[in-house]
Amino acid sequence: ANLSRGHISIGIPSHLGAAYLLPKIKEFKKEYPNISYEIINKSTNEILKLLNNKNIEMVIDTTPINIPENANLEILQQLHLCFATT
């Protein structure tokens, strides 16, 4: 409750992990060194099932996704991505 110690499990698709989550984890660990974390890389559908079954506490993903009825949605950051190919 006060972030002095604990554990959190985060589900995130692997395509977002390196670009978004890893820099945020480094910042978080500096401020809250006694909070341990587990990162679960799976597909969106798989991590939403884990959330719905209470096997993880948080999902970070892009929208649109089918959010379980008992979950809360909070926008953490607006990302604008561009992909190009030749």
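Everything in this summary refers to the structure shown in the same document. (Residues numbered from 1 in each chain as written. Predicted model: local features only at pLDDT ≥ 70, side-chain atom pairs only at ≥ 80, totals over all residues. Heavy atoms only, no water.)

## Here's the deal with the environment of Asn66
Working step 1: Note that Asn66 resides in the segment after strand E3 (58-59).
Working step 2: Exposure remark for Asn66: the relative accessible area of 69% places this residue in the exposed category.
Working step 3: Considered as a pair, Asn66 and Asn45 are 21 residues apart in the sequence and their alpha carbons are 8.6 Å apart. (Helix = DSSP H or I, 4+ residues; strand = E, 2+ residues; numbered from the N terminus. Buried < 20%, exposed > 50% of the residue type's maximum accessible area, 1.4 Å probe, protein only.)

## A few points about the packing of aromatic side chains
Working step 1: Under the counting rule described, the total for this entry stands at 1 aromatic pair.
Working step 2: Ring geometry for Phe28 against Tyr32: centres 4.9 Å apart, planes inclined by 40 degrees, an arrangement best described as tilted.
Working step 3: Taking the relative accessible area as the measure of exposure, Phe28 reaches 27% and is therefore partly exposed.
Working step 4: The class of Tyr32 is partly exposed, set by a relative accessible area of 22%. (Phe/Tyr/Trp six-rings, centres within 6.5 Å; stacked < 30°, edge-to-face > 60°.)

Everything listed is a geometric property; what it means functionally is a separate question.
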